[in-house]
Amino acid sequence: HIVIHPFNPALPGRINKSRSMSESFKAAALERYLADAVMSINEVAEHVTDRRSICLENMPNDIAHSLLEELAEKTDTSICFDSGHSYLHTFDVQKSLDRFYSRATAIHAHNVVLKKTSGEKDCKMQDHRSLRTGLIDNRELRRNLTERDYKGHFVVEVMRYDDALDSVEFLKE
């Protein structure tokens, strides 16, 4: 499968927050944004034998959660459901999985942890951590996929070697 990050996460937010654009101009700008994404994905699709092998990934804190299904339908492609990105966006992985499951042919699984920053009371969330430890209930995610008889790709997407080893042990359990 080919995973594509189809949207620039900053642009739609800038469009929506703009005070100098009318609502109709904002809507037209977002339509153009979606049309450009369709054109780009269709160009990629010209080079594959099966459009469904192209998976559009949901990204954290971006417009993908509102436009991803529409984009996948318009381009007849699949979805790569990223559990950590979904958590960062909605805090509800299972609800997001329900939403995207009908087109999901790839899963990127990882966890999100809360880390203290330099400020006394400041924290930030970090993703791509071990499946075992964090804010996402990956046992529930696995149960949900098993109950649905999921047969697609399942990728553990972590950045640290220790997180990879721990995730393997978690999956063995």
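In case you missed it, the structure is sitting above this.
Residues numbered from 1 in each chain as written. Predicted model: local features only at pLDDT ≥ 70, side-chain atom pairs only at ≥ 80, totals over all residues. Heavy atoms only, no water.

Participant: Provide a residue-level description of the overall build of the protein chain, including the pertinent values.
Facilitator: Within the protein chain one finds seven helices and seven strands. Counting from the amino terminus, the protein chain carries its helices and strands in the arrangement β-α-α-β-α-β-α-α-β-β-β-α-β-α. With respect to the three principal axes, the spread of C-alpha positions in the protein chain is 50 × 50 × 25 Å. For the protein chain, the proportion of its 173 residues judged to be buried stands at 42%. Long-range pairs, those at least 24 residues apart, make up 66% of the contacts in the protein chain between residues at least 6 apart in sequence. Of the accessible surface of the protein chain, which amounts to about 9900 Å², a share of 51% is contributed by carbon and sulfur atoms. (Helix = DSSP H or I, 4+ residues; strand = E, 2+ residues; numbered from the N terminus. Buried < 20%, exposed > 50% of the residue type's maximum accessible area, 1.4 Å probe, protein only. Contact = heavy atoms within 4.5 Å. Areas by Shrake-Rupley, 256 points an atom, 1.4 Å probe, with all protein chains shown as cover.)

Participant: An account of the pattern of salt bridges is requested, with residue identities and associated values reported.
Facilitator: Within this structure, the stated rule accounts for 13 salt bridges. Of the charged contacts in the structure, one is a salt bridge between Arg 160 and Asp 163, with a shortest N-O distance of 3.7 Å. Assessed through its relative accessible area of 41%, Arg 160 is described here as partly exposed. The buried category is assigned to Asp 163, whose relative accessible area is 8%. Here Lys 172 ties to Glu 169 by a salt bridge, and the two come within 3.7 Å at their closest N and O atoms. Placement of the pair is Lys 172 and Glu 169 together in helix H7 (residues 161–172), with a separation of three residues, close to one helical turn. The exposure class of Lys 172 is exposed, given its relative accessible area of 63%. Exposure remark for Glu 169: the relative accessible area of 38% places this residue in the partly exposed category. (Salt bridge = Lys/Arg side-chain N within 4 Å of Asp/Glu carboxyl O.)

Participant: Summarise the nonpolar core; cite the residues concerned and give the values.
Facilitator: Counting residues in each nonpolar core, the largest one holds 31 residues, and the members touching the most others are Phe 7, Leu 56, Leu 71, Leu 97, Ile 107 and Leu 145. Where this core is concerned, the elements lending two or more residues are helix H2 (23–45), strand E2 (54–57), helix H3 (64–75), strand E3 (78–82), helix H4 (83–90), helix H5 (93–100), strand E4 (104–109) and helix H6 (138–147). Excluding residues that lie within four positions of it along the chain, Leu 97 makes contacts with Phe 81, Ile 107, Leu 141, Asn 144 and Leu 145. (Core = buried A, V, L, I, M, F, W, Y, C linked by side-chain atoms within 4.5 Å.)

Participant: Before we move on, can you summarise the sheet that holds E2 with the specific residues and values?
Facilitator: In spatial order, the strands read E1-E2-E3-E4-E7; together these five strands make up an open sheet with parallel pairing. The sheet is open, and its two borders are formed by strand E1 (2–4) and strand E7 (153–156), each paired with just one other strand. On average, adjacent strands in this sheet sit at an angle of 25 degrees to one another, irrespective of strand direction. Summarising the sheet, E3 and E4 pair through four bridges and their orientation is parallel. Looking at the pairing, Asp 82 lines up with His 108 of E4. (Pairing = 2+ DSSP bridges. Axes fitted to C-alpha atoms, helices over the stretch in contact; angles between N-to-C directions.)

Participant: Which residues make up H6, and what values go with them?
Facilitator: Of the positions making up H6, those classed as buried are Asn 138, Leu 141, Asn 144 and Leu 145. Looking straight down H6, one finds its buried side chains confined to an arc of 115 degrees; they lie on one side. Facing away from the buried surface of H6 by more than 90 degrees, the exposed residues are Thr 146 and Glu 147. Near the N-terminus of H6, the side chain that reaches the backbone nitrogen of Arg 139, with its oxygen 3.2 Å away, is that of Asp 137. A positive phi of about 60 degrees marks Asp 149, the residue just after H6. (Arc of directions from axis to C-beta. Polar contact = N/O pair within 3.5 Å; in protein donor to acceptor, adjacent residues only side chain to side chain.)

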